[in-house]
Amino acid sequence: MIYVPWHGATCETTLPYTTQQTAELVDGTLAGPADLEVQSLADVGAAKPGQLTFIGSEKYADQWPASQAAAALVSRSIALDPIAGRAVIAVDNADLAMA
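Read on for an overview of the structure. (Residues numbered from 1 in each chain as written. Predicted model: local features only at pLDDT ≥ 70, side-chain atom pairs only at ≥ 80, totals over all residues. Heavy atoms only, no water.)

### Some words on the sheet that holds strand β6 (residues 40-41)
So, point 1. The five strands lie next to each other as β4-β9-β8-β7-β6, forming an open sheet whose pairing is mixed. Of all the strands in the sheet, just β4 (29-31) and β6 have a single pairing partner and so form its edges.
So, point 2. Relative to strand β7 (residues 51-55), β6 runs parallel, the two being bridged by two bridges. In the strand pairing of β7, Ser40 is matched with Gln51. (Pairing = 2+ DSSP bridges. Helix = DSSP H or I, 4+ residues; strand = E, 2+ residues; numbered from the N terminus.)

### Focus on the side chain of Thr19
So, point 1. Secondary-structure assignment places Thr19 in helix α1 (residues 19-25).
So, point 2. For Thr19, a relative accessible area of 0% puts it in the buried group.
So, point 3. Only 3.1 Å separates the side chain of Thr19 from the backbone oxygen of Ala34, close enough to count as a polar contact.
So, point 4. Ignoring any residue separated from it by four or fewer positions in sequence, one finds Thr19 in contact with Leu30, Pro33, Ala34, Asp35, Leu36, Val38, Ala71, Ala87 and Ile89. (Buried < 20%, exposed > 50% of the residue type's maximum accessible area, 1.4 Å probe, protein only. Polar contact = N/O pair within 3.5 Å; in protein donor to acceptor, adjacent residues only side chain to side chain. Contact = heavy atoms within 4.5 Å.)

Shape descriptors only; they carry no functional weight alone.
Right under this line is the structure:
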């Protein structure tokens, strides 16, 4: 068991989560595959397969196509589409959803 802080609360859980489970945890809207495994978190530029990244600002949105992340948690104000085999989870505020 590990502690994973998401959505303003700390919960005891085991990883991995699926992208669907992650979307539910953060009250997000999932676009893309629901069954991708999220094993850990990483910055958009450093993310590898199986990792979740977050994009809370337009400044980082252009890094999404080159990222290897399985999924991105994205603020709804940013237009970002899923890429084949990867998912986007839209939330009101990606920075707060990761806090």
